[in-house]
Amino acid sequence: MHYLTVKYGAEEAAKSPALEEYTVSEILRIIKENGWESSVDLVECRRINLVFDERELGGIECDIAAARRAKVSEIENVEFLKAEQVEKEYRANYPGYRQLGNNIWPLKLVTKLFQRAQDPAPSPNAKTSSPHAVFSGVASPSMDLSLHTHTTVMGVNSFLIDERRTSAYEVYTTKGVIRADYVVHATNGYVSHLLPQFTEPENAVVPVRGQVIATRASVPRDELWTDNFVGNAGFEYWFPRPCPSSERPLIILGGGRESAPWESNVTDDSFLDETVGKTLRGFLPNVYPKSFTRDSEPEFEWTGIMAFTPTKDPYVGLVSSSSVRPSGEYVSVGYNGRGMARAFACAQAVAQMIVAKRNGKTWERPPWLPIWYLTEQTRAEL
């Protein structure tokens, strides 16, 4: 936060947390207005960041102080916790800080959003009948939304539109050709497959494999916690799945990359790293020796690909084009492990750019969107 304040000024720097707060508030609004709380496993809780190395506390306090000076909303809700308090409340002997948090099952939410976009009629559990209160413009009768799974895009060719050609792009897939006026590259860590310029050092999108386990606590839920956690300088992150208070909860734990070669430039998520797996298996028993046993094996284990950038921020907006190519390709990629807090707002910004262009209007940057998230061509057109 301090670096952003120095480079862009306090008002612009405050937009970095503002975008994430906007994402959270909008997702919660959509869930609650449609009555999806139980359908997406919504848990409104808190997020605790455990500090394993107390030397980090000074930097954390400096960042929070900078955020307060910039009058970042919600910063006053951040609460520092001494190790004694963490031990009493969470059975972990580390200092940390606590703030508001939420938890959902992402695939369930995306499925509900897709179903809602296909059928704009309010759901039976909806608390509002206004389409605008759900997604602006979703009820447009001209919109046709379809989903093509297991369909690999092999290439995108662009053309100048003239009397012989009415579409600017041809998208070549394993199941045929799709013609379009606009193309959005939202493939995150895989974006350089179609856009090789994102392998260049100055604007690289680096694929990074993450590994996750689902393991059972040794105590029932009413003896554990329902909050979300981050620890070890952000390398590990974990939360409990909802369950009855008398049952032992299943904990979802990700991380462990610090024990391997960081898993950078890895796009293959078809296998598990044994070293990372060993780190994950020992993590919770080390942090919570009273709540997890060392001989417990995970019930599930899997990997997925994240995307990191040199600036630690996403790229949002137009892909660079030339005078002989159409300007209708967009990206929204590079969430740096924070996709749940960033992807929704970034996608909305790109959608608004396309709608503005289709309607012959000038796109206006939302007040929560940082200027440095935007691609160079998008900034040039502001």
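This text goes with the structure placed above it.
These figures come from a predicted structure and were not determined experimentally.

Asks: What's the story with the packing of helix α3 (residues 15-33) against helix α8 (residues 339-358) in this structure? I'm lost.
Replies: For any two helices packed against each other, one specifies the crossing angle of their axes together with the interaxial distance. Contact geometry for α3 and α8: axes closest at 8 Å, N-to-C directions at 85°. In terms of orientation, α3 lies roughly perpendicular with respect to α8. Within the contact between the two elements, α3 uses Leu19, Glu20, Tyr22, Thr23, Glu26, Ile27 and Ile30 and α8 uses Met340, Ala341, Arg342, Phe344, Ala345, Cys346 and Gln348. Of the residues that constitute the contact of α3 with α8, the class distribution is nine nonpolar, two polar and three charged.

Asks: Sorry if this is basic, but what is going on with unusual backbone geometry here?
Replies: For residues other than glycine, phi is negative in most cases, and the peptide bonds are mostly trans. A positive phi angle, near 60°, is found at Glu263, a position not held by glycine. Take Glu263: it is sitting in the loop between β11 (250-254) and α7 (274-287). Positive phi is not limited to glycine here, since Lys312 has a value of about 65°. Relative to the helices and strands, Lys312 is located in the loop between β12 (300-308) and β13 (315-318).

Asks: Please clarify how the nonpolar core should be interpreted in this entry.
Replies: Taken as a class, soluble globular proteins show a tendency for nonpolar side chains to be buried jointly. The biggest cluster of nonpolar side chains holds 23 residues, and the ones touching the most others in it are Leu50, Trp225, Phe229, Trp238, Leu284, Tyr288 and Phe292. The dominant element in this core, judged by the number of residues it contributes, is α7, at five residues. Here Trp238 is in contact with Leu50, Trp225, Asn228, Phe229, Val230, Gly231, Ile251, Ile252, Leu253, Phe283, Leu284 and Tyr288, once residues within four sequence places are set aside. Listed in part, the 22 residues of the second largest apolar core include Tyr330, Ala349, Ala356 and Tyr373.

Asks: What is the right way to look at the layout of surface pockets in this model?
Replies: A probe as big as a water molecule, rolled over the atoms, marks out the empty space that is left. Of the voids in this model, the second largest pocket is the one considered here, and its volume is about 190 Å³. Leu318, Tyr330, Met353, Ala356, Lys357, Lys361, Thr362, Trp363, Thr378, Glu381 and Leu382 together form the lining of the second largest pocket. When residues in the lining of the second largest pocket are grouped by element, the largest group, three residues, is from α8. In terms of residue class, the lining of the second largest pocket is made up of six nonpolar, two polar and three charged.

Asks: Explain the packing of aromatic side chains to me, please; I cannot follow it from the model alone.
Replies: Aromatic ring pairs are described here by two measures, namely the spacing of the ring centres and the angle between the planes. Evaluated as defined, the whole model comprises 16 aromatic pairs. Aromatic pair Tyr8 and Trp372: ring centres 4.5 Å apart, planes at 25°, arrangement stacked. Linking Tyr8 in helix α1 (residues 2-8) with Trp372 in the loop between α8 and α9 (376-380), this pair joins segments that are 364 residues apart in sequence. Exposure remark for Trp372: the relative accessible area of 6% places this residue in the buried category. Among the aromatic residues, those joined into a cluster by ring pairs are Phe52, Tyr90, Tyr94, Trp225, Phe229, Trp238, Phe283, Tyr288 and Phe292. Over the face of the ring belonging to Phe271 we find Arg209, whose NZ or CZ atom lies 4.1 Å from the ring centre.

Asks: For this particular structure, what's the right way to read empty space enclosed by the protein?
Replies: For the structure on display, the rule yields one cavity of 30 Å³ or more. As a volume, the largest cavity reaches approximately 70 Å³. At the level of elements, β8 (206-216) and α7 are the ones that each hand at least two residues to the lining of the largest cavity. Sort the elements by how many residues they give to the lining of the largest cavity and α7 lands first, with four residues. Partitioned by chemical class, the residues of the lining of the largest cavity number seven nonpolar, three polar and two charged.

Each value, and the rule that gives it
- Residues numbered from 1 in each chain as written.
- Predicted model: local features only at pLDDT ≥ 70, side-chain atom pairs only at ≥ 80, totals over all residues.
- Heavy atoms only, no water.
- Axes fitted to C-alpha atoms, helices over the stretch in contact; angles between N-to-C directions.
- Helix = DSSP H or I, 4+ residues; strand = E, 2+ residues; numbered from the N terminus.
- Parallel < 35°, antiparallel > 145°, perpendicular 65-115°, else oblique.
- Contact = heavy atoms within 4.5 Å.
- Nonpolar A, V, L, I, M, F, W, Y, C, P; charged D, E, K, R; others polar.
- Core = buried A, V, L, I, M, F, W, Y, C linked by side-chain atoms within 4.5 Å.
- Buried < 20%, exposed > 50% of the residue type's maximum accessible area, 1.4 Å probe, protein only.
- 1 Å grid on protein atoms, 1.4 Å probe; cavity = no way out; pocket = protein on both sides within 12 Å on 5 of 7 lines; lining within 4 Å.
- Points joined across faces, edges and corners; volume = space filled by probe spheres on them.
- Phe/Tyr/Trp six-rings, centres within 6.5 Å; stacked < 30°, edge-to-face > 60°.
- Lys NZ or Arg CZ within 6 Å of the ring centre and 35° of its normal.

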